[in-house]
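Summary of the model geometry
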Amino acid sequence: MKELCKTVMDRRTFLGTAFAAALAARGVADESGRQESHRETKAMRETTYWMHGFGGDPKATARALKEAGFGVVVAGGEAVIEAVNEVGMDAWLCGGAFGYGGLDDADSHKAVDILGEPQVWFGSGSPNSPAIRAANLKAYEDMVATKGVKGILVDGCRFASPASGLRPFFTDFSIHSEKKAAALGFDFARMKQDVRKAFDLISGLGGNSGRDAVWLSSAVGVVEWLTEHPGVLDWFRFRRVCATEHFRDISAIIHGAGLRMGVYIFTPSIAPLVGQSYADLAPFVDVLAPMIYRNYPDRPGPACLNWELMVIPEELGLVGKPEEAAAMGLILSWTGLAEVVPSRSIEEIRAAVPPEAVGHETAMARACLPRDKELAPIIYIDDPEMAKTAALVRDNGANGVNFFVFKDNWREMTRPAMG
């Protein structure tokens, strides 16, 4: 289930866990105000092009990127950073968050799902493991000592998303999160009780009643279901509080070193599900880079719209079933993408969603942020509709366009985006 960060919401845009999104969206302008803001700022906004990754001879590649119009490179290595700086581009680094590898007794730091089984997602363990958090902050302390960099992008600071699968998504109920919940004043038992009901409802393990099937397809039905199961909203709020706390700890390190901080964040339709809040991050993050990959080809595809929308319906065995179209239609309605994604086929959506979905998510991200906050979405570099996709990013309020990820033929792939 997904959420949409938006103040004005109708039946088509209401997400199954929409109260969390509504709270995150307080203070966001309405649709007409957002469009007016775009018109006011478009003439003053210059597009900065970012490349995530690097390859080839450092000096030759840096010159080629600069000549092509790039301004920022996200990549490490002394020779790369030196070459990027020599041609007048900015060098940034990228760091992760909750990797559990290398820790003593690593299995004890894994996230635990609602059924009590350990789960690994995106190479991550429990976001509330003190050992994982401490090791991650130490990594950023080391990173900020890198000479020649202007900023650091933070990736993976979140809980598991739907693209990681149903069981990993329904985490984290480990002892680490239980202790954290107690420290923060959350009722962990109520969260577990109500989240288990949500899991059973979605997975079918509990037998979906006729009432649930009807009511969960409407905004008012979702509201009623959530009022009956407040632990689900507690769970999403708990995720948000925990992720924001770690973002702030990282911010203190990055900004304390005099560097800029960026975040690779989920799109507004998904971010509240994984504990990421545009409203929480905007006051202290310098650059927000929503990950809006519309046609990423490889599984797993966390943060990729095509995978995030269809993994759980696929996992539930709905491909080719009579319920497939209805299930995908429901998810698209909850995420606010029903009008820009015409397909109701799991396999078609897995291949790609339309460029208009990227534009929609960019506009929503812009609406969730102050007008002067830098927005630089990252899009998949190998896009057969690159010209249209990049134009929709620029036209919907972005200050920059970031490309994931550097490939040998980057020039041909990005040229349609840059004119």
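In this report, we go over the structure that sits alongside the text. Keep in mind it's a predicted model, so treat the numbers as computed, not measured.

1. Some remarks on the side chain of arginine 133
Within the secondary structure, arginine 133 is located in helix H5 (residues 130–143). Overall, the relative accessible area of 8% leaves arginine 133 in the buried class. Not counting residues within four places of it along the chain, the set of residues in contact with arginine 133 comprises Phe98, Pro127, Asn128, Lys180, Cys242, Glu245 and His246.

2. Examining the packing of helix H18 (residues 386–395) against helix H19 (residues 410–418)
Relative to each other, H18 and H19 sit at 50°, their axes nearing to 7 Å. Relative to H19, the element H18 is oriented oblique. Helix-helix and strand crossings are classified by hand; for H18 and H19 the assignment is right-handed. Here Met386, Ala387, Ala390 and Arg394 of H18 lie close against H19, whose contacting residues are Met413, Pro416 and Ala417. By residue class, the composition of the contact of H18 with H19 is 6 nonpolar, no polar and 1 charged.

3. Concerning the packing of aromatic side chains
Enumeration according to the criterion identifies 19 aromatic pairs in this entry. Between phenylalanine 406 and tryptophan 410 the ring centres are 6.4 Å apart and the planes differ by 35°, which places this aromatic pair in the tilted class. Accessibility expressed as a relative area gives 5% for tryptophan 410, which makes it buried. In textbook terms, an aromatic cluster arises when at least three aromatic residues are bridged by ring pairs, as seen for Phe169, Phe170, Phe173, Phe188, Phe199, Trp235 and Phe236. The ring of phenylalanine 122 has arginine 158 sitting right over it, with the charged end atom 5.1 Å from the ring centre.

4. A few points about the pairing of strand S8 (residues 287–290)
Alternating residues of S8 divide into Val287 and Ala289 and Leu288 and Pro290, and every residue in both groups is buried. Pairing between strand S7 (residues 260–265) and S8: 4 bridges, direction parallel. Among the inter-strand pairings, glycine 262 is bridged to a residue of S8, identified as valine 287. When S8 meets strand S9 (residues 374–375), the two strands line up parallel, connected through 2 bridges. What sits directly across from leucine 288, in S9, is leucine 375.

The rules we used
Residues numbered from 1 in each chain as written. Predicted model: local features only at pLDDT ≥ 70, side-chain atom pairs only at ≥ 80, totals over all residues. Heavy atoms only, no water. Helix = DSSP H or I, 4+ residues; strand = E, 2+ residues; numbered from the N terminus. Buried < 20%, exposed > 50% of the residue type's maximum accessible area, 1.4 Å probe, protein only. Contact = heavy atoms within 4.5 Å. Axes fitted to C-alpha atoms, helices over the stretch in contact; angles between N-to-C directions. Parallel < 35°, antiparallel > 145°, perpendicular 65-115°, else oblique. Left-handed = near helix turned anticlockwise from the far one by under 90°. Nonpolar A, V, L, I, M, F, W, Y, C, P; charged D, E, K, R; others polar. Phe/Tyr/Trp six-rings, centres within 6.5 Å; stacked < 30°, edge-to-face > 60°. Lys NZ or Arg CZ within 6 Å of the ring centre and 35° of its normal. Pairing = 2+ DSSP bridges.

Purely geometric numbers; function is a separate question.
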